[in-house]
Amino acid sequence: MKSTKWMSILIVISTMMLPVAALAQATLPPVNSLTPLPAMVETTPLPTALPAVTIPPENVTEVPQLPQVSAGETLEENVVYALPSPEPEPMVQISVQENQYAIDLEAYYSEYADIYISTGEAYMQYPALTREEKERLGAAKARYDAGERPQTSILNRVEDVSISLCQLPPEQYQGEQAFLVLPYRTLTDDELLQIIDAYAAIGMEFQPESLSWRNCMRGGGIECSRSYAGDELERANLLTNMYLWGNAAPEGAFTPQPMDDGVGMILLNEEEFCGMEEYRFFPARRMSDEELLEYIAFDIGEVSVSGDDYSRWENQTRQQLHNLLGMPLTVESRGGYVGKESDWTVFGGDRQAYRTSFYPVGESNWELWNAELSSDGETLISANAVIRGPVAYSDLHCDPFDGKWSELAAEWVQGVRSDSAAPVEVECWGEGSLGLRQFGAVVCLTMDDGSTYTLYMDYVTERPFLVVYMDSERSRANDEYWADDAMEEIRRWREE
């Protein structure tokens with residue numbers, strides 16, 4: 001019994017003296033992995049205590065306390081408790097103001113750019129030099145560097161312009177300092193020298209690759225740096241009528257050069273610009289009433305009639321349109337102006353005429369009456385009336401030579417005229433387009449006084465959509481013009 005007891009004690013003591021790894025090997029179940037032998041394992045004594053770590057005070061961050069919730073001693077289940085939250089930061093609204101008066105002709109010139117490229121850079125209504133002119137520019141530059149100067153300068157030329165370099169106030173033209181105007185033809189070597197000299201005179205070097213719609217116009221492709229924008233057109237129309245009627249006059253005189261105030265207009269040699277007579281400079285900002293009025297007075301010139309004349313002509317035109325086309329007397333005029341017939345039509349004569357337009361009161365329909373009255377107030381030279389009424393969209397086609405269209409046209413004319421004039425000839429000219437996928441019969445009536453009515457009879461409403469009136473003198477000039485044009489076409493066809 002004693003020996004057994006001592007043997008048990010020795011076994012326990014020997015077990016306690018085994019290394020830790022050996023003890024683990026002896027007590028853990030076997031695994032399918034390699035286990036290092038006890039002699040190959042180094043034992044690392046565990047530290048009795050972790051070393052103290054000292055944190056600098058400046059790196060110590062206090063953790064804020066969570067908000068306290070007062071809900072009694074306990075919180076109930078399935079109950080939402082609102083925690084306090086900081087006020088939201090204010091939102092910063094950034095608005096970008098768009099300049100509606102900005103000069104942007106990129107869309108306009110996009111088609112011209114395609115033509116310019118497809119023609120090998122030879123198209124002369126694109127704001128650039130041609131390829132051939134670019135090739136000759138080096139020689140002109142060499143002449144200038146050698147001391148040669150042109151006999152005349154093109155800088156700031158404003159009359160009878162074939163080539164001109166106009167200075168611009170850059171703050172009003174989006175940074176552009178000069179604008180080059182070029183003709184619809186190939187430039188000569190001397191003209192290239194003039195261009196180089198003009199740019200040098202204002203401290204710039206001419207670089208043809210920098211030309212664009214921002215700083216160049218060529219060949220009459222467009223007539224102004226930008227069109228009216230915002231309320232400028234409405235104000236310009238109102239100021240034009242006020243000026244013509246003698247109710248407004250500019251305080252100062254218009255100056256053609258845009259450099260002084262941003263607004264300008266140069267007069268072109270129309271043979272060099274496909275018939276265009278002028279080019280206007282409007283800055284990239286809203287123009288004032290005074291600037292518009294100065295331009296209007298410069299463009300129209302001195303007014304030779306009075307406000308009483310305009311008032312009388314307006315009333316006479318209103319009455320004539322009522323008598324001859326059935327226009328209501330209760331319409332409003334948008335003002336008028338005086339000129340020659342030839343100012344408005346290629347086959348017009350030299351008669352002085354007052355031209356105006358009338359619109360219905362309100363916006364109930366799309367009717368419109370345009371008219372020319374002789375300056376003696378006795379004769380309505382021409383007029384056209386758009387009588388749309390309710391718009392009927394239809395692609396209906398009918399027989400335009402059906403007799404009913406001539407009958408309806410004659411009935412309408414005799415129904416609106418206040419006198420006893422009657423048609424002496426009625427002729428159908430076939431089918432015409434009224435726009436908006438509408439079609440109608442075109443009927444011409446010649447009255448016993450020599451005047452004519454051309455009516456575009458709508459197939460759907462069976463009423464006139466458009467009526468064109470001409471007195472006997474205008475009708476005769478119209479017939480002669482188109483007869484000559486038709487004969488010219490026949491002669492051209494025979495020659496081909």
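Cut-off values and rules
- Residues numbered from 1 in each chain as written.
- Predicted model: local features only at pLDDT ≥ 70, side-chain atom pairs only at ≥ 80, totals over all residues.
- Heavy atoms only, no water.
- Helix = DSSP H or I, 4+ residues; strand = E, 2+ residues; numbered from the N terminus.
- Contact = heavy atoms within 4.5 Å.
- Areas by Shrake-Rupley, 256 points an atom, 1.4 Å probe, with all protein chains shown as cover.
- 1 Å grid on protein atoms, 1.4 Å probe; cavity = no way out; pocket = protein on both sides within 12 Å on 5 of 7 lines; lining within 4 Å.
- Points joined across faces, edges and corners; volume = space filled by probe spheres on them.
- Buried < 20%, exposed > 50% of the residue type's maximum accessible area, 1.4 Å probe, protein only.
- Salt bridge = Lys/Arg side-chain N within 4 Å of Asp/Glu carboxyl O.
- Phe/Tyr/Trp six-rings, centres within 6.5 Å; stacked < 30°, edge-to-face > 60°.
- Lys NZ or Arg CZ within 6 Å of the ring centre and 35° of its normal.
- pLDDT = per-residue confidence, 0-100.
- Patch = residues over 30% accessible without salt bridge, like charges linked within 9 Å, V, L, I, M, F, W, Y side chains within 5 Å.
- Lys, Arg positive; Asp, Glu negative; His and termini not counted.
- Charge placed at Lys NZ, Arg CZ, Asp CG, Glu CD.
- Pairing = 2+ DSSP bridges.
- Axes fitted to C-alpha atoms, helices over the stretch in contact; angles between N-to-C directions.
- Core = buried A, V, L, I, M, F, W, Y, C linked by side-chain atoms within 4.5 Å.
- Nonpolar A, V, L, I, M, F, W, Y, C, P; charged D, E, K, R; others polar.
- Expected span 1.5 Å × (residues − 1).

Draft legend 1. Local environment of the overall build of the protein. Looking only at helices and strands, the protein features 11 helices and 13 strands. Long-range contacts, defined as pairs at least 24 residues apart, comprise 60% of the intrachain contacts of the protein with a sequence gap of at least 6. For the protein, the exposed area adds up to about 30900 Å²; of that, 54% sits on carbon and sulfur atoms.

Draft legend 2. Examining empty space enclosed by the protein more closely. Per the stated rule, a full pass over the model turns up one cavity of 30 Å³ or more. In this structure, the largest cavity encloses a volume near 40 Å³. Surrounding the largest cavity, I103, Y173, F179, W213, R214, S225, Y279 and F281 form its lining.

Draft legend 3. Spatial organisation of unusual backbone geometry. Positive phi, normally seen in glycine, also occurs at E121, with a value near 60°. Tracing the backbone shows E121 in the loop between α3 (106–118) and α4 (131–145). Even without glycine at this site, Q174 takes up a positive phi of about 55°. Judged by relative accessible area, which is 48%, Q174 ranks as partly exposed.

Draft legend 4. Spotlight on the pattern of salt bridges. The full count for this structure, using the stated rule, is 28 salt bridges. The salt bridge partner of R312 is D309, with a shortest N-O separation of 3.2 Å. Of this pair, R312 and D309 both sit in helix α9 (residues 307–325), three residues apart, roughly one helical turn. You can call D309 partly exposed: its relative accessible area is 22%. Where R351 meets E473, a salt bridge forms, and the shortest distance between an N and an O atom there is 3.4 Å. Taken as a pair, R351 in the loop between β6 (331–340) and β7 (352–360) and E473 in helix α11 (residues 472–495) lie far apart in primary sequence, 122 residues in all. The exposure class assigned to E473 is partly exposed, which follows from its relative accessible area of 37%. When salt bridges that share partners are traced, they join E341, R351, R355, E372, D471, E473 and R474 into one network.

Draft legend 5. Spotlight on the packing of aromatic side chains. Going through the model one piece at a time under the given rule, you end up with 23 aromatic pairs. When the centroid spacing of 5.0 Å and the interplanar angle of 90° are considered together, the rings of Y108 and Y109 count as edge-to-face. We classify Y108 as partly exposed; its relative accessible area is 30%. Aromatic rings pair up to connect Y108, Y109, Y112, Y116, Y123 and Y126 into one cluster. Positioned above the aromatic ring of Y144 is the side chain of R149, whose terminal nitrogen or guanidinium carbon lies 3.6 Å from the ring centre.

Draft legend 6. Quick look at the confidence of the model for the protein. Summing up the model confidence of the protein, the mean pLDDT is 82 and the portion of residues at 70 or higher is 76%. Confidence drops under a pLDDT of 50 for residues 1–44, and excluding neighbours within four residues, the segment shows four contacts in the predicted structure.

Draft legend 7. Just a negative patch on the surface, in detail. A contiguous patch of negative charge on the surface is contributed by D399, D402, E407 and E411. With respect to the helices, strands and loops of the structure, D399 is situated in the loop between β9 (380–386) and α10 (403–416). In this structure D399 comes out as partly exposed when scored by relative accessible area, which is 45%.

Draft legend 8. Region of interest: the sheet that holds strand β2 (residues 178–182). Pairing within the open sheet is mixed, and its three strands lie in the order β1-β2-β3. Of all strands in the sheet, those with a lone pairing partner are β1 (164–167) and β3 (216–218), marking the two edges. Neighbour-to-neighbour, the strand axes of the sheet open up by a mean angle of 15°, direction not taken into account.

Draft legend 9. Layout of the nonpolar core. The biggest cluster of nonpolar side chains holds 29 residues, and the ones touching the most others in it are L321, L325, L380, L445, Y453 and L455. Broken down by secondary-structure element, the contributors of at least two residues to this core are α9, β8 (368–374), β9, α10, β11 (438–447), β12 (452–458) and β13 (464–470). In terms of residues, this core owes the most to one element, α10, which gives six residues. Filtering out sequence-adjacent residues up to four positions away, L455 remains in contact with A409, W412, V413, A441, V442, V443, L445, P464, L466 and V467.

Draft legend 10. Structural context of the layout of surface pockets. For the largest pocket, the calculated volume is near 1200 Å³. Along its surface, the largest pocket is lined by 35 residues, and T240, L244, D299, I300 and Y337 are the ones closest to its centre. A class-by-class count of the residues in the lining of the largest pocket yields 15 nonpolar, 11 polar and nine charged. In this structure, the second largest pocket is lined by 30 residues; those nearest its centre are F347, T454, V468, M470 and N478. Listing elements by their share of the lining of the second largest pocket, those giving two or more residues are β8, β9, β10 (423–435), β11, β12, β13 and α11. Here the lining of the second largest pocket gets eight residues from one element, more than from any other, and that element is α11.

Draft legend 11. Molecular detail of α9. End to end, α9 covers 26 Å across 19 residues, agreeing with the expected 27 Å (1.5 Å per residue, within 8%). Taken as a whole, α9 has its buried residues at G307, Y310, W313, E314, T317, R318, Q320, L321, L324 and L325. Once α9 finishes, G326 follows within two positions and takes phi at roughly 75°, a positive value.

Draft legend 12. Structural detail: the sheet that holds β9. Strand order in this open sheet of eight strands is β6-β7-β8-β9-β13-β12-β11-β10, and the pairing throughout is antiparallel. With one partner strand each, in any of the chains shown, β6 and β10 form the two edges of the open sheet. Taking each pair of neighbouring strands and ignoring which way they run, the sheet shows an average axis angle of 15°. With seven bridges joining them, β11 and β12 adopt antiparallel strand pairing.

Draft legend 13. Fine view of the side chain of E191. Inspection of the secondary structure assignment puts E191 in helix α5 (residues 189–201). Of the residues examined, E191 reaches a relative accessible area of 12% and is grouped as buried. Ignoring any residue separated from it by four or fewer positions in sequence, one finds E191 in contact with I163, R185 and T186.

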